[in-house]
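Each chain, written out:
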Amino acid sequence: MQLLIQCCVLWFVSPEGIEALCNDVNVNHTDVRMLIFAWKMKAEKQGYFSKDEWRRGLKCLGADTRPKLKKAIEGLDKELKVPECFEDFYSYAFQYCLTEEKQRSVDIETICELLNIVLKSEFPNQVNLLVEYLKVGKQLFKLIYVQNDYRALNMDQWRSFYRFFKEVDFHDLENYDSSQAWTVIIDNFVEWLKEKEKN
Amino acid sequence: MERKTIDLEQGWDYMQKGITKLKKILRETHDEFMLRELEQRWITHKVMVRWLSRFFHYLPPLNGVGLTCFRDLVYMEVRANARKGVITLIDKEREGEQIDRSLLKNVVDMFVEMDKYEEDFEVQMLEDTANYYKSKATKWIEVDSCPDYMLKAEECLRRERERVTHYLHSSTEQKLVEKVQHELLVTHANQLLDGVRALLRDDKVEDLSRMYRLYQKIPKGLDPVENVFKQHITAEGTALVQQAEEASSLVRKFIELHDKYMTYVNDCFINHTLFHKALKEAFEVFCNKNVAGSSSAELLATFCDNILKKGGSDEAIEETLEKVVKLLAYISDKDLYAEFYRKKLARRLLFDRSANEDHEKCILTKLKQQCGGQFTSKMEGMVMDLTLARDNQMKFEEYLQDNTHVIDLSVTVLTTGFWPSYKSSDLNLPVEMVKCVEVFKEFYETKTKHRKLTWIYSLGTCHIIGKFEPKTIELVVSTYQAAALLLFNSADKLSYSEIMMQLNLTHEDVVRLLHSLSRAKYKILSKEPNTTTIWPNDTFEFNYKFTDKMRRIKIPLPPVDERKKVIEDVDKDRRYAIDAAIVRIMKSSKVLGHQQLVLECVQQLGRMFKPDIKAIKKRIEDLITRDYLERDQENPNTFKYLA
C-alpha cells in the first residue's frame, strides 16, 4: 500500500498526475470509469485527489497493488448497475463540475460532454438528440436574442434529464404533459423534438 | 199518507237491478252519450249511497261498501271506455271545440273516488297528451317561424294549465306541463336555438323574453340559450376587433355592444346570473385580443387619455368613465393597463393637458372601487404631487422676491415612487437656466434636508421669445428644444455634431428635437441640405424669416414610443410578483405539489394579470437556484420550502 501511495503522490498532485494515472491503468481520462473512481473517492475538486480521498478510493476498490488497481478501475462501470447508486453517481457527476465556490450552474458545453460520458451507454439515441438541442439553442442564442434560453444549467435541470430519459418514451411524445413539474428546458426540448419529427 | 218502506233485502235488490241496467246501457252507448249516462249514474249512485248511510246509520258505514259495489260491478267494466271518452273530449277541446267541462269534471271525479285516478286515467291521458303534442310539434316546426312556434307553445301551456284547474286533479299539473314542454320545447330545442340566433341578430326583444320564460321552467333548459347568447356576443365582438381600423372608435364600439347586451340581460333574461356570466365570458374572449399591434390594455388607456384631455360635461364624462372601467374588468392584463394609464397620466399632468381635475379624480375613484386601493395608489400619489407642487410653487415665488436675476421658473417636485421611471439626462443647461436650478436647490434645502433631487429636463416646458424679422413670436417648447435654440444666440450656424456635443444628449434625442424644429410644421431652424431626415452631416441656421399668423405657437416634441418600455417594465414587475406569490404560498404550505402551486399562483395573481404557466415554471426554477425551494427527490412533482 505504501508503495502505491508513493506512486500516487506523483499521480494526484495535479491534473497532469491524473493523466499519468490514466496512462498507467490504460483508461482514457474522459472514460466514465475515471469519473466513477472519483465518485468512489468522493473527490471534491475536479482534477485533484487529496490523500484522504485517495485512501478512500483504494479501500473501496479493495486495491493495494498497481495491477489490482488497474483491474479494479477497468471493472468500475459495473458499479452502476444498482439504480440508487447510479442516481447518486449521476448527481455527483454534476457536482464535480462546479469548480468555483458559489457556482450553481454548469455551462452547456460541459453539460454536453458530461451527458456523453455518463448517459450515452444507456440512452444513446436520446443523448444524441438532447446534445443536438442544447447546442442548437446555444447557437441561436448568439444570433437572435431568445429570451427563454440557457447558457448554463443547474442541478435540478441536470437531474431532470435522467428522469426524463427513464420515464418518457421518445416515440410516444403525445402523452408528454407539460403541465406537470418537468423543467422548462425539458418542455422546450419536447417541443423541439415534435417540430423535428414533423419536418 | 202511507210511507213506503223497503227493507234491506229489497233495497239491495233494487240497487243490483239498477246496476245491471246501467251496465247494459253503458255497454251499448258510446263516447259522449256513454259518458253522460255514466255521469248520471255515478251522481245518482253517490246520492244513493249517501242516503243509505243516513238510513242505516246504526250499521257500520256503508260508504265503503257502496263504493266497492260500484267499483266491482260498474267501474271495472266501464273504466276503459270512460277513459277513452274523456281523452277524446280533451283532444276535441284542444282542437278548439267547445265541450262540457262539468261532465268531464264529474267523470274524472269518479276516477279519483275509485282511487284509480293515476293508474286508470292519468297515465294514459299523459301519454295521449304527449302523442298529441308530438305530432303538433313536428308539423309546426316545419312550417312556423321560431317566434310563431313559441307563441303557440306558450299558448298551449297556458291552456293545459287552465284545463287542470277546470276538470283535472291538481296533482296532474306538474306532470302534464312537463310532457307538453318536452314535446314542444325539448325535442326540437336545436332547431329553435337556430331561431334564437336570428332573434338576437334582429333584436327581437319580445320573442327573446318569451323564449326565456318558456325555457326557464325546464331543468337546464336555459343552458343552450345561454350558450347561443354567449357565442353571438363573442362573434360580434370578434368581428369588431377584426374590422377595427383605429383604437378610439373600437373602445366606443365595445361600450355600445356592452350596453346593448346588458339591456338584453336585464330585460329579456330578467337579470339571470347565467346570462350575466355569458356576457362576461364573451367579453373576456374578444376584449383580450390585440388590435394592430396594440394590446387592448393599451387601447383602453389611450381611450381614457383622450377623454380626459378633451373633457366634456360632468355627466357625460362620468358615464363614459363608468363604462370604461366596467370594460377593464374583462381585460386580463390589468397591470399593463395600469402602467400605460400611469404613463399617459404623467404626460397629462406635467404638460397641463388634463381638461378637468375632477374628472381625473373621478376615474381614479372608480378604478379604486373596481380594482382595489393598491391599483390606484401610485396614480393618486401623482395627482397629489401636483396639488402639493402648486403650494410649493407659491412658496418658491415668495422666496424669489429678493432674487431678481432669475427668469421665471416653476418647478414641480415629483415623488419618485409614484411616477413612471424616467431617464435623467445630463443635458447641458443654457446658462440662463443653470442659475434657476441653483436657486431652487437652495430653496429646497431650506424645506427638507434628507431628499435627493434628480432633474428630469426631458419633461420640462419653456417659453422662448423668438425675435424673427417679420415679427416677434413666443415659442412654447420643451426644455431640450429650448436649450438647442438658445445655442443660436451665440452662433449663426451650427452643425449636428456641434449641437450634440454642446447639449450632451444622445443621438436619438438630438435627431428628434432637431426634426421638430426644422422639418415639422414650424420651421424655426433651416437645415442644410434640405432633406427630410436629420443626418449627422447636417448644419442648422436660425430661420430669421420665420413667421406665423399667431403670436404664440406650441412646438411639440413627439414622445418616444413608450410601448416597448411599458411592456418591459410590466414583465419585470410580473416576475417579481410571481416570485413573491410562489414564496408566499410555499411558506405557508411548506410542501406542495406542482399543479397545486401553479393553481394557487394563478388565483392569487389573477386580479392583476393572467400569469403564463411557463413563466411560473421559470420562476420556480429560479427560486430553486436561489435556494428558496427544492424539489422532493422522492416525488419530483412536489416542492419543499427551504426556510
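Residues numbered from 1 in each chain as written. Chains lettered and ligands numbered in written order. Predicted model: local features only at pLDDT ≥ 70, side-chain atom pairs only at ≥ 80, totals over all residues. Heavy atoms only, no water.

So, about the overall build of chain A. Across its full length, chain A holds 10 helices and two strands. If you list the helices and strands of chain A from N to C, you get α-α-α-α-α-α-β-α-α-β-α-α. Counting all 199 residues of chain A, 47% fall into the buried class. Long-range contacts, defined here as pairs at least 24 residues apart, represent 64% of the contacts in chain A between residues at least 6 apart. Total accessible area computed for chain A in this model is approximately 11300 Å², and 48% of it derives from carbon and sulfur atoms. (Helix = DSSP H or I, 4+ residues; strand = E, 2+ residues; numbered from the N terminus. Buried < 20%, exposed > 50% of the residue type's maximum accessible area, 1.4 Å probe, protein only. Contact = heavy atoms within 4.5 Å. Areas by Shrake-Rupley, 256 points an atom, 1.4 Å probe, with all protein chains shown as cover.)

On the chain B side, the residues contacting the 19 residues of chain A number 14 residues. In this assembly, chain A packs against chain B so that about 1600 Å² is buried in total across both faces, 38% of it on carbon and sulfur atoms. On inspection of chain A and its partner chain B, the count reaches four salt bridges. Between A:Asp156 and B:Arg631 there is a salt bridge whose closest N-O contact spans 2.7 Å. At the level of secondary structure, the elements contributing two or more residues to the side of chain A that touches chain B comprise helix H9 (155-167) and helix H10 (184-198) of chain A. The element best represented in the side of chain A that touches chain B is H10(A), accounting for five residues. For the side of chain A that touches chain B, the per-class residue count stands at five nonpolar, eight polar and six charged. (Buried area = accessible area lost by both parts, 1.4 Å probe. Salt bridge = Lys/Arg side-chain N within 4 Å of Asp/Glu carboxyl O. Nonpolar A, V, L, I, M, F, W, Y, C, P; charged D, E, K, R; others polar.)

Sheet strands pair by backbone hydrogen bonding; their relative direction is either parallel or antiparallel. Residues and elements named next belong to chain B. An order of S1-S2-S6 is seen for the three strands of this open sheet, with the pairing classed as mixed. Among the strands making up the open sheet, the edge pair consists of strand S1 (461-467) and strand S6 (552-554). For this sheet the average axis-to-axis angle between neighbouring strands, irrespective of direction, equals 25 degrees. Examined bridge by bridge, strand S2 (residues 472-478) and S6 share three bridges and lie parallel to one another. Across the sheet, residue Glu474 finds its bridge partner in S6, namely Arg552. Set on the sheet, helix H19 (residues 479-487) makes contact with S1 and S2; between it and S2 the angle comes to about 130 degrees. (Pairing = 2+ DSSP bridges. Axes fitted to C-alpha atoms, helices over the stretch in contact; angles between N-to-C directions.)

Residues and elements named next belong to chain B. With respect to the element layout, Arg94 can be found in helix H3 (residues 63-94). Only 2.8 Å separates the side chain of Arg94 from the side chain of Glu160, close enough to count as a polar contact. If we ignore the near neighbours within four places in the chain, the residues touching Arg94 are Asp128, Thr129, Tyr132, Tyr133, Glu160, Arg163 and Leu176. (Polar contact = N/O pair within 3.5 Å; in protein donor to acceptor, adjacent residues only side chain to side chain.)

Turning next to the sheet that holds strand S5 (residues 539-542) of chain B. All names here are of chain B. One open sheet holds the three strands; their spatial order is S3-S5-S4, and the pairing between them is antiparallel. In this open sheet, the two edge strands, each paired with only one partner strand, are strand S3 (493-495) and strand S4 (525-528). Geometrically, the sheet is characterised by an average inter-axis angle of 25 degrees between neighbouring strands, direction not taken into account. Of the pairings in the sheet, the one linking S4 to S5 comprises four bridges and is antiparallel in character. In the strand pairing of S5, Glu528 is matched with Thr539. Against the sheet, helix H20 (residues 496-503) touches S3 and S5, its axis set at about 85 degrees to S3.

Here the focus is the nonpolar core. Core analysis: the biggest nonpolar cluster contains 93 residues, and B:Leu184, B:Tyr215, B:Phe229, B:Tyr337 and B:Tyr341 have the highest contact counts within it. Top contributing element to this core by residue count: helix H15 (residues 334-350) of chain B, with nine residues. By size, the runner-up hydrophobic cluster in this structure holds 68 residues, among which are A:Ala38, A:Val118, A:Met155 and A:Val190. (Core = buried A, V, L, I, M, F, W, Y, C linked by side-chain atoms within 4.5 Å.)

Before going further, it helps to spend a moment on the pairing of strand S9 (residues 638-641) of chain B. All names here are of chain B. The pairing of strand S7 (residues 591-593) with S9 spans three bridges and is antiparallel. Across the sheet, Leu592 pairs through a bridge with Phe639, a residue of S9. As judged from the three bridges shared by strand S8 (residues 629-631) and S9, these two strands associate in the antiparallel manner. Bridge pairing in S9 places Arg631 opposite Phe639.

The next thing to look at is the domain arrangement of chain A. Residues and elements named next belong to chain A. Split into domains, chain A comes out as domain 1 (2-81) and domain 2 (99-198). Carbon and sulfur atoms supply 81% of the area that domain 1 and domain 2 bury against each other, a total of about 280 Å² over both sides. Considering only the side of domain 1, the residues that lose the most area to domain 2 are Thr30, Val32 and Leu35, jointly responsible for 82% of the buried surface there. Between domain 1 and domain 2 we count zero salt bridges in total. Summed over the shared surface of domain 1 and domain 2, the result is zero residue pairs in polar contact (both at pLDDT 80 or more). Class assignment for the residues of the side of domain 1 that touches domain 2 results in two nonpolar, two polar and one charged. (Domains from an automatic or database assignment.)

Next up on the list: unusual backbone geometry. Residue and element names in this part refer to chain B. The residue after Glu528, namely Pro529, is reached through a cis peptide bond having omega -5 degrees. The topology assignment puts Pro529 in the loop between S4 and S5. The backbone of Asp115 sits at a positive phi, close to 60 degrees, despite the residue not being glycine. Within the fold, Asp115 resides in the loop between helix H4 (101-113) and helix H5 (117-143). Residue class for Asp115 comes out exposed when judged on its relative accessible area of 67%.

All names here are of chain B. It is the contact of H4 with H5, at a shortest axis distance of 8 Å, that shows an interaxial angle of 135 degrees. Here H4 lies oblique to H5, going by the angle between them. Contact residues: H4 offers Val108, Phe111 and Val112, while H5 offers Tyr117, Asp120 and Phe121. Residues belonging to the contact of H4 with H5 are distributed by class as follows: five nonpolar, no polar and one charged. (Parallel < 35°, antiparallel > 145°, perpendicular 65-115°, else oblique.)

With that settled, consider a nonpolar patch on the surface. On the surface, a cluster of nonpolar side chains totalling about 320 Å² of accessible area is made up of B:Leu8, B:Tyr58 and B:Leu59. Turning to its location among the elements, B:Leu59 is positioned in the loop between helix H2 (31-55) and H3. (Patch = residues over 30% accessible without salt bridge, like charges linked within 9 Å, V, L, I, M, F, W, Y side chains within 5 Å.)

With that out of the way, let us pick up the environment of A:Thr99. All names here are of chain A. Turning to its location among the elements, Thr99 is positioned in the loop between helix H6 (83-96) and strand S1 (105-107). Under the relative-accessibility criterion, Thr99 is labelled exposed at 51%. Linking Thr99 and Lys45, residues 54 residues apart in sequence, is a C-alpha distance of 7.0 Å.

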